[in-house]
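Remarks on the overall topology
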Amino acid sequence: MKLLADKTPADDFNDKTRYSVMFGPDKCGTDTNKVHFITQVFNPVSEEWVEHHLKDAPKVETDKSTHLYTLVVKKGQQEYEIFIDNKSKKKGKFLDDFDPPFQPEKEIEDPDDKKPEDWVDDEKMDDPDAVKPDDWDEDAPRKILDPEASKPECWHDDEPDEVADPDAEIPDGWDEEDDGKFEAPMVANPLCTEECGCGEWEHPMINNPDYKGKWKAPRIDNPDYVGPWKPRNIPNPAYYVHKPEDRRVSDIKGLAIDIWTMNKDVGFDNVFLGKGAGDAYAFSQVSWKPKNVHEEAQKKSKKKKGTDGEESAVASLFSKLRDFFNEYTPHCVFTTIILVITLSWWCCGRADQGPVTIPDPTDDRIVPDEKAEEDAPAGDETKTTNEDQTLDETKATEDKGEVGECSSPAKVATPAGSDGSTSKKRRKPKKKKVPTAWPLV
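If you're wondering where the values come from, they're calculated on a predicted model, not measured in any experiment. (Residues numbered from 1 in each chain as written. Predicted model: local features only at pLDDT ≥ 70, side-chain atom pairs only at ≥ 80, totals over all residues. Heavy atoms only, no water.)

**Section: the overall build of the chain**
What counts is decided by this rule: What counts as a helix is a DSSP run of H or I of at least four residues, what counts as a strand is a run of E of at least two, and both are numbered from the N terminus. Only protein chains enter the area calculation, which uses a 1.4 Å probe; residues under 20% of their type maximum are buried, those over 50% are exposed, and those in between are partly exposed. Whether two residues are in contact is decided by their heavy atoms: any pair within 4.5 Å suffices. Here, Shrake-Rupley sampling with a 1.4 Å probe gives the accessible areas, and only protein chains in the shown set may cover a residue.
Across its full length, the chain holds seven helices and 19 strands. Looking at the chain as a whole, 21% of its 441 residues qualify as buried. Within the chain, contacts between residues separated by at least 24 positions form 66% of all contacts whose residues are at least 6 apart in sequence. As displayed, the chain offers around 33900 Å² of accessible surface, 52% of which is attributable to carbon and sulfur atoms.

Have a look at this one:
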């Protein structure tokens, strides 16, 4: 919240608008978590407005409850106190707790001063005359085998650390067919003691008394040492004698709330600006306090319902789903429409697709008309042979037509010049028996 020093229309307000005091919570990631208290003071020498920030500001309350932030500037405007939920969190004096301080320094470091290239600020240096001793072994290991250790004569190389319990008995009712072969539990091998162990013996290691590590030259005082470098001081061009009245919060022209957030459910109301701390407290009892009592009761109720177990978990799940839908309503509606259209397309099929008909191969056989067969003169074998040949050729033609296009059977043309030498042909109906008088060739 900002107390504006100038009358500013709402449309012209932005983060650059000048203010007298800024106060309120600021929580951004893990880097920023403080209750800001900033005041701007005009420097008559530099003719600039300088921001002074409260040092070691209180932390922000980060739960979901409603909280009350109160700033009290005491009479005379020499001291301040900050309350959160009507509990004091920080108090002090303006002259001691702000950065930069209200009173400018008489001298400041020269921003244009640079460290000379020949400046030596190393107090110690390596001894240039030092030489590594001849007996210094840089390759010596840190640990070596203990020369006084030896393998005990009673050591059992082939014995395991654990063995099957010799006292274990098969439980009553044990059935090897159902329960499998009984295996006794494992116990510590009684042969494996602290003196006489089992398994592979390992030689103990000790610190190498001859180990010295990498040799380094000893450090001595640096004869060229000058000292730590820092820029020289120059008179502060913005220095002036600050007076308490120079930073008085007075003649407030407006109140604004400047918010930048990526979190939901951020709300604020019941702003009080007055001259008495008692009046502010009384106002909080009729505005913030009822909310606080109600929220605390809800917390206790939810905690009690949480003992119900599954019912509370289901209710919490539905509550989260409802909150998600309310927050992302357009996204949910659009996604649902896409899913419905997709499912409808797959289930109902496309309009330009028709059913595929697979012809029955038994319906594609062409047989001579029974009547034509009866009219044929007896003993005319040549005619019958020609007729059979024509039938075979027709069948082959139809088969080729079926391979090319299943839905349209091939058309068969009657050979020209047959002059009635072939009988009439038709498709054989299903389950039509061939006449017994059909000649075999």
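**Thoughts on the confidence of the model for the chain**
Rule in force here: Each residue carries a pLDDT score, the predictor's own confidence in it, on a scale running from 0 to 100.
In this model, the chain carries a mean pLDDT of 78, and residues with pLDDT of at least 70 account for 76%. When mean pLDDT is compared element by element in the chain, strand 16 (residues 233-235) scores highest at 95, while helix 7 (residues 381-404) scores lowest at 42. Within the model, the stretch residues 370-441 combines pLDDT values under 50 with 66 contacts to residues more than four positions away or in other chains.

**Digging into the side chain of His52**
Selection rule: Throughout this description, a polar contact denotes any pair of N or O atoms lying within 3.5 Å of each other; where both atoms belong to protein, one of them has to be capable of donating a hydrogen while the other can accept it, and for residues adjacent in sequence the pair is counted only when both atoms sit in side chains.
Note on placement: His52 falls in strand 4 (residues 48-54). Separated by 2.6 Å, the side chain of His52 and the backbone oxygen of Pro100 make a polar contact. Not counting residues within four places of it along the chain, the set of residues in contact with His52 comprises Phe37, Ile38, Thr39, Val41, Phe98, Asp99, Pro100, Pro101 and Phe102.

**Side note on unusual backbone geometry**
With an omega dihedral of -5°, the bond running from Asp99 to Pro100 counts as a cis peptide bond. Structurally, Pro100 can be placed in the loop between strand 8 (98-99) and strand 9 (107-109). Here Asn86, not a glycine, exhibits a phi torsion of approximately 65°, which is positive. Mapped onto the elements, Asn86 comes out in the loop between strand 6 (79-84) and strand 7 (87-93). Judged by relative accessible area, which is 26%, Asn86 ranks as partly exposed. Positive phi, close to 55°, is recorded for Asn270, a residue that is not glycine. Here Asn270 is to be found in the loop between strand 17 (254-256) and helix 3 (277-305). Residue class for Asn270 comes out partly exposed when judged on its relative accessible area of 38%.

**A word on a nonpolar patch on the surface**
Our working rule: Exposure above 30% relative accessible area and the lack of any salt bridge qualify a residue for a patch; like charges then connect within 9 Å, and the nonpolar side chains Val, Leu, Ile, Met, Phe, Trp and Tyr within 5 Å. What makes a salt bridge here is a side-chain nitrogen of Lys or Arg within 4 Å of a carboxyl oxygen of Asp or Glu, nothing more.
A contiguous nonpolar patch, built from Met1, Ile252, Leu255, Ile257, Ile259, Val266, Phe268, Val271 and Leu273 and spanning about 730 Å² of accessible area, is present on the exposed surface. The residue Ile252 is located in the loop between strand 16 and strand 17 in this model.

**Digging into the environment of Asp157**
Note that Asp157 resides in the loop between strand 11 (143-145) and strand 12 (162-164). Placed 43 residues apart in sequence, Asp157 and Glu200 show a C-alpha to C-alpha distance of 5.6 Å. Those residues in contact with Asp157, other than ones at most four positions away along the chain, are Lys151, Gly199 and Glu200.

**Examining a negative patch on the surface**
Formally: Asp and Glu count as negative and Lys and Arg as positive, but His and the ends of the chain are not part of the count. By convention, the charge on Lys lies at NZ, on Arg at CZ, on Asp at CG and on Glu at CD.
On the surface, a cluster of negative charge is made up of Asp175, Glu176, Glu177, Asp178 and Asp179. In this fold, Asp175 is placed in the loop between strand 12 and helix 2 (176-179).

**Thoughts on the state of the cysteines**
Formally, a disulfide is one covalent bond, and it connects the sulfur atom of one cysteine to the sulfur atom of another. So the rule is basically this: Any two cysteine sulfur atoms within 2.5 Å of one another count as a disulfide.
Taken as a whole and assessed by the stated rule, the structure comprises two disulfides. Here Cys154 engages in a disulfide with Cys196; their sulfurs sit 1.6 Å apart. Residues Cys154 and Cys196 are joined through a disulfide that is left-handed, its torsion about the S-S bond being -85°. Here Cys154 is found in the loop between strand 11 and strand 12, whereas its partner Cys196 is found in the loop between strand 13 (186-188) and strand 14 (205-207), with 42 residues between them in sequence. For the chain, numbering the cysteines in disulfides from first to last along the sequence yields the connectivity 1-3, 2-4.

**Remarks on the sheet that holds strand 2 (residues 19-28)**
Quick note on the threshold: Strands were regarded as paired on the criterion that DSSP finds at least two bridges between them.
Spatially, six strands are ordered 8-4-3-2-1-17 in an open sheet, and the strand pairing comes out antiparallel. Sheet topology places strand 8 and strand 17 at the edges, where each strand pairs with a single neighbour.

**Describing the environment of Phe23**
Looking at where Phe23 falls in the secondary structure, it is placed in strand 2. Linking Phe23 and Leu71, residues 48 residues apart in sequence, is a C-alpha distance of 7.6 Å.

**Comments concerning the sheet that holds strand 7**
Let me state the cut-off plainly: Note on definitions: angles span 0 to 180 degrees between N-to-C directions of axes, and those axes are lines fitted to C-alpha atoms, for helices only across the stretch in contact.
Spatially, three strands are ordered 5-6-7 in an open sheet, and the strand pairing comes out antiparallel. The outermost strands of the open sheet, each flanked by one partner alone, are strand 5 (69-73) and strand 7. Along the sheet, successive strands turn relative to each other by an average axial angle of 15°, direction set aside. Pairing of strand 5 with strand 6 involves five bridges; the strand directions are antiparallel. Paired with Val72 across the bridge in strand 6 is Glu81.

**Observations regarding the nonpolar core**
Our working definition: Throughout this description, the term nonpolar core refers to a set of buried Ala, Val, Leu, Ile, Met, Phe, Trp, Tyr and Cys residues connected via side-chain atoms within 4.5 Å.
Grouped together as the largest cluster of nonpolar side chains are 16 residues, with contacts concentrated most on Phe37, Leu54, Tyr80, Ile82, Phe94 and Phe98. The set of elements that each furnish at least two residues to this core consists of strand 2, strand 3 (32-43) and strand 6. Apart from residues no more than four positions distant in its own chain, Ile82 is found in contact with Phe23, Phe37, Leu54, Pro58, Thr70, Leu71, Lys87, Ser88, Lys89 and Lys90. Among the nonpolar cores identified, the runner-up in size contains five residues, and Leu4, Tyr19, Met22 and Ala256 belong to it.

**Quick look at the pattern of salt bridges**
As enumerated under the stated definition, the model contains 12 salt bridges in all. For the salt bridge of Asp221 with Lys124, the shortest nitrogen-to-oxygen distance reads 2.4 Å. Linking Asp221 in strand 15 (residues 219-221) with Lys124 in strand 10 (residues 124-126), this pair joins segments that are 97 residues apart in sequence. Here Asp126 ties to Arg219 by a salt bridge, and the two come within 3.1 Å at their closest N and O atoms. Placement of Asp126 in strand 10 and of Arg219 in strand 15 is noted, with a sequence separation of 93 residues between them. In the salt-bridge network here, residues are joined through shared partners; they are Asp110, Asp113 and Arg232.

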